[in-house]
Amino acid sequence: MNPATGQTSHPDRVWSVAEHLDDVLSKIEPLDPIDLQLPDAQGCVLVEDITVPVALPPFDNSSMDGYAVRVADVAGAAEGAPVTLTVIGDVAAGSGGLPEVGPGQAARIMTGAPVPPGADAVVPVEWTDGGTGEGPAATMRAHSAAPQDAGGEVLVHRPVAAGAYIRARGSDVGAGEPALAAGTVLGPSQIGLLAAIGRGTVRVRPRARVVVMSTGSELVQPGEALGPGQIYDSNSFQLAAAARAAGAIAYRVGAVADDAETLRSTLEDQLIRADILVTSGGVSVGAYDVVKETLAGLSGEEGRVEFRKLAMQPGKPQGFGLIGPDRIPLLALPGNPVSSYVSFELFVRPAIRALMGLPEIHRPTTSARCTDAIASSPKGKRQFLRGSYDPDAGTVTPVGGAGSHLIKAMAHANALIIVPEDVTEVAEGGAVDAVLLG
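Structure report, in brief.

**Observations concerning the sheet that holds strand β2 (residues 34-37)**
Turning to step 1, where the next piece is worked out: Ordered in space as β2-β13-β3, the three strands form an open sheet in which the pairing is antiparallel. The two strands at the open ends of the sheet, each matched to only one other strand, are β2 and β3 (45-46).
Turning to step 2, where the next piece is worked out: By the bridge criterion, four bridges tie β2 to strand β13 (residues 201-205) in an arrangement that is antiparallel. Bridge pairing in β13 places aspartate 35 opposite arginine 203.

Following this line, the structure appears as structure tokens:
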């Protein structure tokens, strides 16, 4: 059955990359909004417009460590003729009751502290003697070491303009002004702004929960000893990392043996915590392709998964459908490491980001000159070769061969070189499109 049309697909039909991707995305509905605490909202998409309830900053405050003064009192200050002011106390950040600065007076003030009444400027401590009776000070002495500096006198060596070194109330943003618009992706700066205006929670589309599992009785967890015919499970680690890089919360399930009942029960167990399921392996035409065996037979409330041949290399066999009572999207990827990763980038990553309501769901693609010739590419298939892209030179260099098992080359690539279906070779220096992975 073709989920896009409701009609039965011919088993020999070959899908294009675009057709398969369009079908996947047509079944993806963004996750319902929820209220999250700020630390949990990073990377999520805001679904409400946020306005500022109070001005930022909420009061006039000092941008320097120094002395709050009256401008008129220090107008005649000079290096050779300092003005002497009486220090009436300290104003630290968080201070409540503030002293009023009168004529001939100053209050020692710290960065971020509210400007006391009567003062209309702040003189940096470096423009004064710091209360020591000596030359210009480099810093204030700690209150615990010199409590006397909160009183006595201070010599001011330079005049100051009105409002100098004062961050005025509302100079960042005024009360009632827009802070963030719905659709904003919450990064560190946005989280900081929300905290600064007093928002403890926000309404967002949550990060997608992605469950990743590899299939294959030959798979062994890294760190364990390999037996005859066994290999380490790299796909589940690679795909879980890719899911996290896409912005999702990833759950990696240990490798599932080539047994249909085991796979079925594992999938059923994982449905409760999955917004999207990703499997690797078992989707081709072999006698032990357990994913295809298990999922192709789903029907009714269990859902439906269709297995397809795509006109692409690597990644020809693909499976997609909605399973379980909540119709959770499942993407069944091929088992070769490069095929699996390329398939993730082309199909799973956009699905994850669509679930989260993110504005940019696709990797950027750029045009580049291919430094090496590509001698042959299969006609009628879109080939994706690993490449090293140099943004300064505008070039991309193939990395490794075309084999779908060459995972080392993938680790040294930062792009996928696209060779279209109607192109069978690319000359050295020829123009190609490249999907940027980093």
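There is more to say, and it comes next.
**What about the packing of aromatic side chains?**
Turning to step 1, where the next piece is worked out: Applying the stated criterion across every chain, the model contains one aromatic pair.
Turning to step 2, where the next piece is worked out: Ring geometry for tryptophan 127 against tyrosine 165: centres 5.8 Å apart, planes inclined by 85°, an arrangement best described as edge-to-face. Taken together, the positions of tryptophan 127 in the loop between β9 (121-124) and β10 (153-156) and tyrosine 165 in the loop between β10 and β11 (166-167) put the pair 38 residues apart, joining distant regions of the chain.
Turning to step 3, where the next piece is worked out: Given a relative accessible area of 15%, tryptophan 127 falls into the buried group.
Turning to step 4, where the next piece is worked out: Accessibility expressed as a relative area gives 31% for tyrosine 165, which makes it partly exposed.
Turning to step 5, where the next piece is worked out: Between arginine 158 and the ring centre of tryptophan 127, over which it is positioned, the NZ or CZ distance is 3.9 Å.
Turning to step 6, where the next piece is worked out: The ring of tryptophan 15 has arginine 308 lying over it, and the distance from NZ or CZ to the ring centre is 3.8 Å.

**Digging into the nonpolar core**
Turning to step 1, where the next piece is worked out: Core analysis: the biggest nonpolar cluster contains 45 residues, and Val210, Met312, Leu331, Phe344, Phe347 and Ile352 have the highest contact counts within it.
Turning to step 2, where the next piece is worked out: Listing elements by their share of this core, those giving two or more residues are α1 (17-26), β14 (209-215), α4 (235-245), β18 (276-280), β22 (328-333), α7 (337-355) and β26 (415-419).
Turning to step 3, where the next piece is worked out: The element best represented in this core is α7, accounting for 11 residues.
Turning to step 4, where the next piece is worked out: Once residues lying within four places of it in the same chain are set aside, the contact partners of leucine 331 are Val24, Ile276, Leu277, Val278, Thr279, Gly319, Phe320, Phe347 and Val348.

**Describing the sheet that holds strand β1 (residues 14-15)**
Turning to step 1, where the next piece is worked out: Judged by pairing direction, the sheet is mixed, and its seven strands sit side by side in the order β1-β19-β21-β22-β18-β14-β17 without closing on themselves. The sheet terminates laterally at β1 and β17 (249-256), the two strands that pair on one side only.
Turning to step 2, where the next piece is worked out: As paired strands, β1 and strand β19 (residues 303-310) are joined by two bridges and run parallel to one another. Across the sheet, the residue bridging to tryptophan 15 is leucine 310, located in β19.
Turning to step 3, where the next piece is worked out: Its contacts with the sheet put α4 on β14, β17, β18 and β22, and the angle it makes with β17 is roughly 170°.

**Remarks on the environment of valine 154**
Turning to step 1, where the next piece is worked out: Secondary-structure assignment places valine 154 in strand β10.
Turning to step 2, where the next piece is worked out: Assessed through its relative accessible area of 0%, valine 154 is described here as buried.
Turning to step 3, where the next piece is worked out: For the pair valine 154 and alanine 354, spaced 200 residues apart in the sequence, the C-alpha separation amounts to 62 Å.

**Points about the pattern of salt bridges**
Turning to step 1, where the next piece is worked out: Applying the stated criterion across every chain, the model contains 14 salt bridges.
Turning to step 2, where the next piece is worked out: Two residues, arginine 203 and aspartate 35, come together in a salt bridge whose shortest N-O distance is 3.3 Å. Remark: aspartate 35 occurs in strand β2 and arginine 203 occurs in strand β13; sequence separation between them is 168 residues.
Turning to step 3, where the next piece is worked out: Here arginine 203 falls in the partly exposed class, since its relative accessible area comes to 34%.
Turning to step 4, where the next piece is worked out: Put simply, arginine 252 and aspartate 233 hold a salt bridge, and the shortest N to O gap is 3.9 Å. One end of the pair, arginine 252, is in strand β17; the other, aspartate 233, is in the loop between β16 (231-232) and α4, with 19 residues separating them in the sequence.
Turning to step 5, where the next piece is worked out: Using a relative accessible area of 31% as the deciding quantity, one classes arginine 252 as partly exposed.
Turning to step 6, where the next piece is worked out: Assessed through its relative accessible area of 1%, aspartate 233 is described here as buried.
Turning to step 7, where the next piece is worked out: Through salt bridges with shared partners, a single ionic network connects Asp23, Lys27, Glu306 and Arg308.

**Side note on the pairing of strand β25 (residues 395-398)**
Turning to step 1, where the next piece is worked out: Of the pairings in the sheet, the one linking strand β23 (residues 365-370) to β25 comprises two bridges and is parallel in character. The residue bridging arginine 369 from the neighbouring strand is threonine 395, located in β25.
Turning to step 2, where the next piece is worked out: As paired strands, strand β24 (residues 382-390) and β25 are joined by four bridges and run antiparallel to one another. Bridging from a neighbouring strand, glycine 387 pairs with proline 398 of β25.

The rules behind these values
Residues numbered from 1 in each chain as written. Predicted model: local features only at pLDDT ≥ 70, side-chain atom pairs only at ≥ 80, totals over all residues. Heavy atoms only, no water. Pairing = 2+ DSSP bridges. Helix = DSSP H or I, 4+ residues; strand = E, 2+ residues; numbered from the N terminus. Phe/Tyr/Trp six-rings, centres within 6.5 Å; stacked < 30°, edge-to-face > 60°. Buried < 20%, exposed > 50% of the residue type's maximum accessible area, 1.4 Å probe, protein only. Lys NZ or Arg CZ within 6 Å of the ring centre and 35° of its normal. Core = buried A, V, L, I, M, F, W, Y, C linked by side-chain atoms within 4.5 Å. Contact = heavy atoms within 4.5 Å. Axes fitted to C-alpha atoms, helices over the stretch in contact; angles between N-to-C directions. Salt bridge = Lys/Arg side-chain N within 4 Å of Asp/Glu carboxyl O.

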